Amino acid sequence: MNEFEKCWLNYNRADIVPEYIKQIDTVICESNSHIAENAVNEVCIAMKDIYGIEINRASSDKTNGSIILKIFDENDQKYAGTFTPDKEGYVIYFVKENNNIIVASASDAGVLYG
């Protein structure tokens, strides 16, 4: 990767990697749009640059140890409280039971921003 490709987001290596992050090995995205693909690529780059962990895209049937990029729905509302993201807003939360990190928004652009 050329340095000019990293001008948008710069990731610094973390000194400590939390245990739940060590268990993340995949990224799942519900959308196949160009914007969503960019979000998947950014997640993969960030995990490698920040934590030294290489992750791959997986199908939506994987149930644990994933970063899930998705459109916000009623299942996310219990984690978001009274906040409902608009098309550029997002909510990020961790589900301890299955060690998943969820990034949810009303649009693919919001998922990318998250």
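Before going into details, it helps to say that this report is about the structure given with it. (Residues numbered from 1 in each chain as written. Predicted model: local features only at pLDDT ≥ 70, side-chain atom pairs only at ≥ 80, totals over all residues. Heavy atoms only, no water.)

Okay, the overall build of the protein next. A count of helical and extended segments in the protein gives 4 helices and 5 strands. Overall, the protein shows an N-to-C arrangement of helices and strands of α-β-α-β-β-α-β-β-α. Rg of the C-alpha trace for the protein: 14 Å, near the compact-globule value of 13 Å for 114 residues, within the 12% margin. Seen through its C-alpha atoms, the protein measures out along the principal axes to roughly 40 × 30 × 25 Å. Looking at the protein as a whole, 37% of its 114 residues qualify as buried. Across the protein, every contact between residues at least 6 apart in sequence was considered, and the portion connecting residues at least 24 apart equals 64%. For the protein, the accessible area works out to roughly 7,200 Å², and carbon and sulfur atoms hold 50% of it. Placing the 10 positive and 18 negative side-chain charges of the protein at their respective mean positions leaves the two points 5 Å apart. (Helix = DSSP H or I, 4+ residues; strand = E, 2+ residues; numbered from the N terminus. Rg over C-alpha atoms; globule rule 2.2 N^0.38 Å. Buried < 20%, exposed > 50% of the residue type's maximum accessible area, 1.4 Å probe, protein only. Contact = heavy atoms within 4.5 Å. Areas by Shrake-Rupley, 256 points an atom, 1.4 Å probe, with all protein chains shown as cover. Lys, Arg positive; Asp, Glu negative; His and termini not counted. Charge placed at Lys NZ, Arg CZ, Asp CG, Glu CD.)

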